[in-house]
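Next come the chains, spelled out residue by residue.
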Amino acid sequence: MLGERITPQLEQELKKLYALDRPIYEQYIIWLKQILKGTWGVSIRSQRPVLASITSALEPSLFLAFGGWILSFVIGVGTGLIAAVYRNTWRDYIASTLAFIGLAIPQFFLGLLLMLLFAFYLKIFPPTGYVSPFTNALEAVKRLVLPTLTIGLTMAAMVARITRSSVLEVIKEDYVKTARAKGLPEIRVILRHVLKPAMITIVTVSGLQLGYLLGGVVVVENIYAIPGLGSLIVNAAFLGDYPMVQGCVLIFAIWFVLINVFVDMFYAVLDPRIQYE
Amino acid sequence: MKKNKLNLINLGIVGIFIIWATFGPLFLQTDPTKVDISNRLCPPNLKHPLGTDQLGRDIFSRLTHGARLSLIVSLFAVLFATFLGSVVGLIAGYQGGWVDSLIARILDIMFSVPSIVLAITLVAFLGNTVLNVIIAIGVVYTPQIARVIRSHVLKIKTEDYILAAKALGCSTFRILTIHVFRNITSTLLALSTGYLGAAIIYEATLSFLGMGVPLTVQSWGRMLSEARGYLALAPWMVLAPGLAITIVVLSFNFLGDYLRDVLDPKLRGYV
């Protein structure tokens, strides 16, 4: 970090400062102590506590993650359901093809395409930047639309595929035939008797995606210049700011575990047969 | 009939991609690193079929060299993950007990970090060379392959022919390699082909974020990253590498799905 100006004495002092002269397990214990103290270590670059940087970067990432996730869920379940209900017709072919393209298109390409179209040609939304919704709600929404759309569309592809296959599995069941035979309107059969049991798989996959999403916004934050956790970890990794990288990885893991606990709890709501002691 | 035609087209695209990536750089007339400032940001024309970039470098030429990198990285990363993943999965599934629990916990830890973050962190600590990018992407896929292989091994372990092999006095190594591994090769093939397309995206993503291959190597991801500053001026800079990635990955994914349906239909949902 000093480059050319390094002297052996300075090197020793720096190593001592960051405890790099200790064995690796001692460094780990020091790091654990810092976690408990609530600083999560000190950034080598900015000299600020890591936790402070993380909390200020958390807001944009959370808005992006939840916004993109809700969008992907709505679009994905919708497309997948249409594909399954009208299976092997032109509707299914269009929906399935779109889902396949969505899986293959890289997030950064879609993001740049959307930016090119909506920010440069149509000039509806500003190309980059972030404004907190708590300071200026309208401006914030304008700037969040494109990044959210990028996340939502790429993730919707996976949800759509899972929805299609799990709905197709349920739609063959006898109780669906019974529901139709007793004269229920088709929309009710699909929503109550088909979609609800199919939801378990969909929620699992979708929940897993939300678990990964806090870190999965890395690319989108990079394209749209949003100062979130993704930008934080990429910059830290770029500059060799290891305490910051460690802190970011820790917060991603905590988020992942939390989301999984919530998904597990939600199973019991979807399927009353599941009970936790 | 319709499905067959689609598979033929995809096989064709993948074939062309492989030939292009392997032999293309040998036949190129233009150097991908040749800077020509007077011809910067040229739209596609006869001399430069896909136009030029911000330094006047020929985009088609860069794309051709980038194709080679994509192919090399994705192939070796998937090979790496397949090898390591199947070794870990075989040991965990066959050994059972505390070995299995330990490996399962380690895999869980790796699953709890978003894969792109894991790859970025690895490259950050190892340094950005082509080999380290291959290792980083390989490590990301290892737990996914190990998990599937483990569950297969758990099933195979209880088969009668394994008991027979044990009764005949086969060593554990022989049972694992000849009796267990032979029976999971088709699964492994289907699984790993399915990851080829995604590995191409990972390499491009890492290079896009500036955490990928060194600057001297041409990469589709970095071409897109450089195109960002010239979005409105030179949209062909975005479209050429972007469409190349999308089409190649799409074909690889279709082909992977086809192989999975033929070799091991039960894998649906894993890939």
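Note that the coordinates shown come from a computational prediction; the quantities given were computed from them, not determined experimentally.

Structural notes on the overall build of chain A
Part 1: Along the backbone of chain A there are 11 helices and 0 strands.
Part 2: Listed by position from the N terminus, the elements making up chain A come as α-α-α-α-α-α-α-α-α-α-α.
Part 3: Here the C-alpha atoms of chain A give a radius of gyration of 24 Å, more than 25% beyond the 19 Å that 2.2 N^0.38 yields for 277 residues.
Part 4: Overall size of chain A, expressed as C-alpha extent along the three principal axes, is 85 × 55 × 35 Å.
Part 5: Here chain A, with 277 residues, has 39% of them falling under the buried criterion.

Quick notes on the overall build of chain B
Part 1: Looking only at helices and strands, one finds 10 helices and 0 strands in chain B.
Part 2: Scanning chain B from its N terminus toward the C terminus, one meets helices and strands in the order α-α-α-α-α-α-α-α-α-α.
Part 3: Across its three principal axes, chain B shows a C-alpha extent of roughly 75 × 50 × 30 Å.
Part 4: Within chain B, the proportion of its 271 residues that are buried is 45%.
Part 5: Expressed as a percentage of contacts within chain B between residues at least 6 apart in sequence, the contacts between residues at least 24 apart total 69%.

Re the packing of helix α3 (residues 50-85) of chain A against helix α8 (residues 186-216) of chain A
Residue and element names in this part refer to chain A.
Part 1: Put simply, α3 and α8 touch, their axes get as near as 10 Å, and they point 145° apart. Remark: the crossing between α3 and α8 carries right-handed chirality. Together, S61, A65, G68, W69, F73, V77, L81 and V85 of α3 and I190, L195, I202, S206, Q209, L210, L213 and L214 of α8 make up the contact between the two elements.
Part 2: Grouping the constituent residues of the contact of α3 with α8 by class yields 12 nonpolar, 4 polar and no charged.

Digging into α3 of chain A
Part 1: The end-to-end C-alpha separation of α3 of chain A is 50 Å, in line with the 52 Å expected for 36 residues at 1.5 Å each.
Part 2: Approximately 35° is the largest bend angle found in α3 of chain A, and it occurs at L58 of chain A, with the proline P60 of chain A only one to four residues beyond.

Some remarks on the interface of chain B and chain A
Part 1: Taken together, the contact between chain B and chain A spans 29 residues of the former and 29 residues of the latter.
Part 2: Here the side of chain B that touches chain A gets 7 residues from one element, more than from any other, and that element is helix α10 (residues 236-263) of chain B.
Part 3: By residue class, the composition of the side of chain B that touches chain A is 19 nonpolar, 8 polar and 2 charged.

Details of the nonpolar core
Part 1: With 139 residues, the main nonpolar core has I233 of chain A together with A119, I120, I137 and A199 of chain B as its most contacted residues.
Part 2: Residues in contact with A199 of chain B, not counting those within four places in the same chain, are V73, S74, A77, V78 and I137 of chain B.

Observations concerning helix α2 (residues 24-37) of chain A
Residue and element names in this part refer to chain A.
Part 1: Its 14 residues place the ends of α2 20 Å apart at the C-alpha level, agreeing with the 20 Å of an ideal helix rising 1.5 Å per residue.
Part 2: Little of α2 sits inside the fold, with 0 of its 14 residues counted as buried.
Part 3: Positioned one or two residues after α2, G38 has a phi angle of 90°, which is positive.

Things to note about the confidence of the model for chain B
When pLDDT is low, close inspection of the predicted coordinates is not appropriate.
Part 1: Averaged over all residues, the pLDDT of chain B equals 83, while 96% of them reach at least 70.
Part 2: In the model output, the complex is listed with pTM 0.84 alongside ipTM 0.81.

Examining the environment of Q107 of chain A
Residue and element names in this part refer to chain A.
Part 1: The topology assignment puts Q107 in helix α5 (residues 107-121).
Part 2: By the C-beta count within 10 Å, which is 23 here, Q107 ends up buried.
Part 3: With 47 residues separating them along the chain, Q107 and T154 place their C-alpha atoms 6.6 Å apart.
Part 4: Once you skip the residues sitting within four places of it in the chain, Q107 turns out to touch T150, T154, V219 and V220.

Comments concerning the packing of helix α9 (residues 220-227) of chain B against α10 of chain B
Two numbers describe a pair of packed helices, the interaxial angle and the distance between the axes.
Residue and element names in this part refer to chain B.
Part 1: Running from amino to carboxyl end, α9 crosses α10 at an angle of 150°, the nearest separation of the two axes being 8 Å. Put simply, α9 runs roughly antiparallel to α10. The handedness of the crossing between α9 and α10 comes out as left-handed. Mapping the contact onto sequence places W220, M223, L224 and A227 in α9 and M237, V238, P241, G242, A244 and I245 in α10.
Part 2: Along the lines of polarity and charge, the residues of the contact of α9 with α10 split into 9 nonpolar, 1 polar and no charged.

Section: unusual backbone geometry
All names here are of chain A.
Part 1: Phi at N88 is positive, roughly 60°, even though this residue is not glycine.
Part 2: On the secondary structure map, N88 appears in the loop between α3 and α4 (90-104).
Part 3: A residue is classified by how many C-beta atoms lie within 10 Å of it, and N88, with 9 of them, is exposed.
Part 4: A positive phi angle is found at A225, which is not glycine, with a value near 50°.
Part 5: Inspection of the secondary structure assignment puts A225 in the loop between α9 (218-223) and α10 (229-239).
Part 6: With 14 C-beta atoms packed within 10 Å, A225 lands in the partly exposed category.

Comments concerning the confidence of the model for chain A
Part 1: Taken residue by residue, chain A gives an average pLDDT of 83. The fraction at 70 or more is 97%.
Part 2: Here helix α1 (residues 8-17) of chain A is the element of chain A with the lowest mean pLDDT, 74, and α3 of chain A is the one with the highest, 88.

So, the environment of G197 of chain B
Part 1: Its location among the elements puts G197 of chain B in helix α8 (residues 185-208).
Part 2: G197 of chain B sits in the buried class, given 24 other C-beta atoms within 10 Å.
Part 3: Sequence separation of G197 of chain B and S70 of chain B is 127 residues, and the distance between their C-alpha atoms is 9.7 Å.
Part 4: Apart from residues lying up to four places away in sequence, G197 of chain B is in contact with A104 of chain A together with V249, F252, N253 and G256 of chain B.

The rules behind these values
- Residues numbered from 1 in each chain as written.
- Chains lettered and ligands numbered in written order.
- Predicted model: local features only at pLDDT ≥ 70, side-chain atom pairs only at ≥ 80, totals over all residues.
- Helix = DSSP H or I, 4+ residues; strand = E, 2+ residues; numbered from the N terminus.
- Rg over C-alpha atoms; globule rule 2.2 N^0.38 Å.
- Buried ≥ 20, exposed ≤ 12 C-beta atoms within 10 Å, placed from the backbone.
- Contact = placed C-beta atoms within 7 Å.
- Axes fitted to C-alpha atoms, helices over the stretch in contact; angles between N-to-C directions.
- Left-handed = near helix turned anticlockwise from the far one by under 90°.
- Nonpolar A, V, L, I, M, F, W, Y, C, P; charged D, E, K, R; others polar.
- Expected span 1.5 Å × (residues − 1).
- Bend = angle between axes of the 7 residues up to and from the residue.
- Core = buried A, V, L, I, M, F, W, Y, C linked by C-beta atoms within 7 Å.
- pLDDT = per-residue confidence, 0-100.
- Parallel < 35°, antiparallel > 145°, perpendicular 65-115°, else oblique.

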